[in-house]
Amino acid sequence: ITVYGNCGSCKKAIEKAAKSVDGVESANWDKKKKTLTIAYEDTKTSLNLIEKAITAIGYDTENLFADDTVYENLHSCCKYDRKPR
């Protein structure tokens, strides 16, 4: 899935958020491509729940937007150009 972010700190946060969801086995975010590759058990979770965990910490995905207040609390280096809603 596409996840917007900029730096190594973003990578750690995005991967940690994805892995915090029960059923996620692995998560790897590529900062150049802005893609998160995940392996998860679809009997335990869903892509939507994983995306919700990522948006909860301030990062927009291809399908969901983070709350503006949470986005504004990201470190300055982590603030990416947001797509219009």
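Notes on the structure follow. Keep in mind that what you see is a predicted model, and the values were worked out from it rather than measured. (Residues numbered from 1 in each chain as written. Predicted model: local features only at pLDDT ≥ 70, side-chain atom pairs only at ≥ 80, totals over all residues. Heavy atoms only, no water.)

What follows deals with the environment of Ala17. Turning to its location among the elements, Ala17 is positioned in helix H1 (residues 8–19). Exposure remark for Ala17: the relative accessible area of 7% places this residue in the buried category. In sequence terms Ala17 and Lys79 are 62 residues apart; their C-alpha atoms lie 17 Å from each other. Setting aside anything within four residues of it in sequence, one finds Ala17 in contact with Ala53, Ile54 and Ile57. (Helix = DSSP H or I, 4+ residues; strand = E, 2+ residues; numbered from the N terminus. Buried < 20%, exposed > 50% of the residue type's maximum accessible area, 1.4 Å probe, protein only. Contact = heavy atoms within 4.5 Å.)

Moving on, we get to helix H2 (residues 47–55). Those residues of H2 not exposed but buried are Ile50, Glu51, Ala53, Ile54 and Thr55. Buried positions along H2 lie against H1, strand E1 (24–30) and strand E2 (35–40).

Next up on the list: a negative patch on the surface. Together, Asp22, Glu25, Glu41 and Asp42 give the surface a local cluster of negative charge. Topologically, Asp22 is positioned in the loop between H1 and E1. Residue classification places Asp22 among the exposed positions, given a relative accessible area of 58%. (Patch = residues over 30% accessible without salt bridge, like charges linked within 9 Å, V, L, I, M, F, W, Y side chains within 5 Å. Areas by Shrake-Rupley, 256 points an atom, 1.4 Å probe, with all protein chains shown as cover. Salt bridge = Lys/Arg side-chain N within 4 Å of Asp/Glu carboxyl O. Lys, Arg positive; Asp, Glu negative; His and termini not counted. Charge placed at Lys NZ, Arg CZ, Asp CG, Glu CD.)

Counting 21 residues, the largest nonpolar core has Ile14, Leu36, Ile54 and Tyr59 as its most contacted members. Secondary-structure elements contributing two or more residues to this core are H1, E1, E2 and H2. Of the residues forming this core, the biggest block, 4 residues, is contributed by H1. (Core = buried A, V, L, I, M, F, W, Y, C linked by side-chain atoms within 4.5 Å.)

A few words now on the pairing of E2. Examined bridge by bridge, E1 and E2 share 6 bridges and lie antiparallel to one another. Looking across to E2, one finds that Asp30 is bridged to Thr35. (Pairing = 2+ DSSP bridges.)

Let us look at the packing of aromatic side chains. The geometry of an aromatic ring pair is captured by two quantities: the separation of the ring centres and the angle between the planes. Within this structure, the stated rule accounts for 3 aromatic pairs. When the centroid spacing of 5.1 Å and the interplanar angle of 75° are considered together, the rings of Tyr71 and Tyr80 count as edge-to-face. Using a relative accessible area of 5% as the deciding quantity, one classes Tyr80 as buried. Every member of this aromatic cluster is reached through a ring pair, and the members are Tyr4, Tyr59, Tyr71 and Tyr80. Positioned above the aromatic ring of Tyr71 is the side chain of Arg82, whose terminal nitrogen or guanidinium carbon lies 4.3 Å from the ring centre. (Phe/Tyr/Trp six-rings, centres within 6.5 Å; stacked < 30°, edge-to-face > 60°. Lys NZ or Arg CZ within 6 Å of the ring centre and 35° of its normal.)

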